[in-house]
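These are the residues of each chain, in order.
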Amino acid sequence: MHKRHIAKTITWRFVGTLDTVLLSWLVTGDALTGLQIGGTELVTKMLLYYFHERAWYSLKVFKKNQDRVRHLLKTITWRFIGTSDTVILAWLISGEAEFGLTIGGLELVTKMILYYFHERTWYSIRYGVDPEKEK
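Given the structure is predicted, the values throughout are model-derived calculations rather than measurements.

How each quantity is defined
Residues numbered from 1 in each chain as written. Predicted model: local features only at pLDDT ≥ 70, side-chain atom pairs only at ≥ 80, totals over all residues. Heavy atoms only, no water. Helix = DSSP H or I, 4+ residues; strand = E, 2+ residues; numbered from the N terminus. Expected span 1.5 Å × (residues − 1). Bend = angle between axes of the 7 residues up to and from the residue. Buried < 20%, exposed > 50% of the residue type's maximum accessible area, 1.4 Å probe, protein only. Phe/Tyr/Trp six-rings, centres within 6.5 Å; stacked < 30°, edge-to-face > 60°. Patch = residues over 30% accessible without salt bridge, like charges linked within 9 Å, V, L, I, M, F, W, Y side chains within 5 Å. Areas by Shrake-Rupley, 256 points an atom, 1.4 Å probe, with all protein chains shown as cover. Salt bridge = Lys/Arg side-chain N within 4 Å of Asp/Glu carboxyl O. Axes fitted to C-alpha atoms, helices over the stretch in contact; angles between N-to-C directions. Parallel < 35°, antiparallel > 145°, perpendicular 65-115°, else oblique. Left-handed = near helix turned anticlockwise from the far one by under 90°. Contact = heavy atoms within 4.5 Å. Nonpolar A, V, L, I, M, F, W, Y, C, P; charged D, E, K, R; others polar.

Participant: Explain helix α3 (residues 67-94) to me, and be specific about the residues and the numbers.
Facilitator: Along its 28 residues, α3 runs 39 Å from first to last C-alpha, staying within 8% of the 40 Å computed at 1.5 Å per residue. Positive backbone phi, approximately 80 degrees, marks Gly95, located one or two places after α3.

Participant: Explain helix α2 (residues 31-58) to me, using residue names and the numbers behind them.
Facilitator: In this model, α2 (28 residues) spans 39 Å end to end at C-alpha, consistent with the 40 Å of a helix rising 1.5 Å per residue. Of all the bends found along α2, the most pronounced is centred on Leu42 and spans about 35 degrees. Among the residues making up α2, those that are buried are Thr33, Gly34, Ile37, Gly38, Glu41, Lys45, Tyr49, His52, Glu53, Trp56 and Tyr57.

Participant: Lay out the packing of aromatic side chains in plain terms, naming residues and giving numbers.
Facilitator: Tallied over the entire structure, the rule returns six aromatic pairs. The interplanar angle of 80 degrees and the centroid separation of 5.6 Å between the aromatic rings of Tyr116 and Phe117 together place this pair among those described as edge-to-face. Residue Tyr116 is classed as partly exposed on the basis of its relative accessible area of 23%. Three or more aromatic residues link up through ring pairs in this structure, and these residues are Trp12, Tyr49, Trp78 and Tyr115.

Participant: Go over a nonpolar patch on the surface, please, and point to the residues and values.
Facilitator: Where nonpolar side chains cluster on the molecular surface, the patch consists of Phe14, Leu18, Leu22 and Trp25 and spans about 450 Å² of accessible area. Inspection of the secondary structure assignment puts Phe14 in helix α1 (residues 2-28).

Participant: How would you explain the packing of α2 against helix α4 (residues 97-124) if you had to name every residue and give the values?
Facilitator: Packing of α2 against α4 brings their axes to within 16 Å, and their N-to-C directions diverge by 50 degrees. Relative to α4, the element α2 lies oblique. Relative to α4, α2 is oriented so that their crossing is right-handed. Contact residues: Ile37, Glu41, Lys45, Tyr49, His52 and Glu53 in α2; Ile103, Glu107, Tyr115, His118 and Glu119 in α4. Looking at the contact of α2 with α4, its residues break down into four nonpolar, two polar and five charged.

Participant: So what's going on with the environment of Tyr115? Which residues, and what values?
Facilitator: By the element assignment, Tyr115 lies in helix α4. Distance in space between the C-alpha atoms of Tyr115 and Ile125 is 15 Å, their sequence separation being ten residues. Those residues in contact with Tyr115, other than ones at most four positions away along the chain, are Trp12, Tyr49, His52, Glu53, Lys74, Thr75 and Trp78.

Here you go:
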């Protein structure tokens, strides 16, 4: 399962970082600031996402037919963690609290949509799934 979680972390981080760079550039009007925020986030979010993924893997409260509810709850909890990280980093890097809040607010919407589809895609991919644990 670790290799699956690592692969999911990398694919999500690619999508998420691209979204953050573009949103940060649009909000601040400065491509370099967008790249700095996205680049810093690349490190912080990979660590946060990996531990979020491991925590959800440990939860055994959902039945097999509740996968959509589980994905929705994972989306919400991850978005809270991810948006908090973005707001803080964007504020620190740009020096403007308003930029941090604006970027975080926009990404709250864009990333929830992107993350839900990322989860649904990975749900259909069997890479790294232990067939013994599927029984």
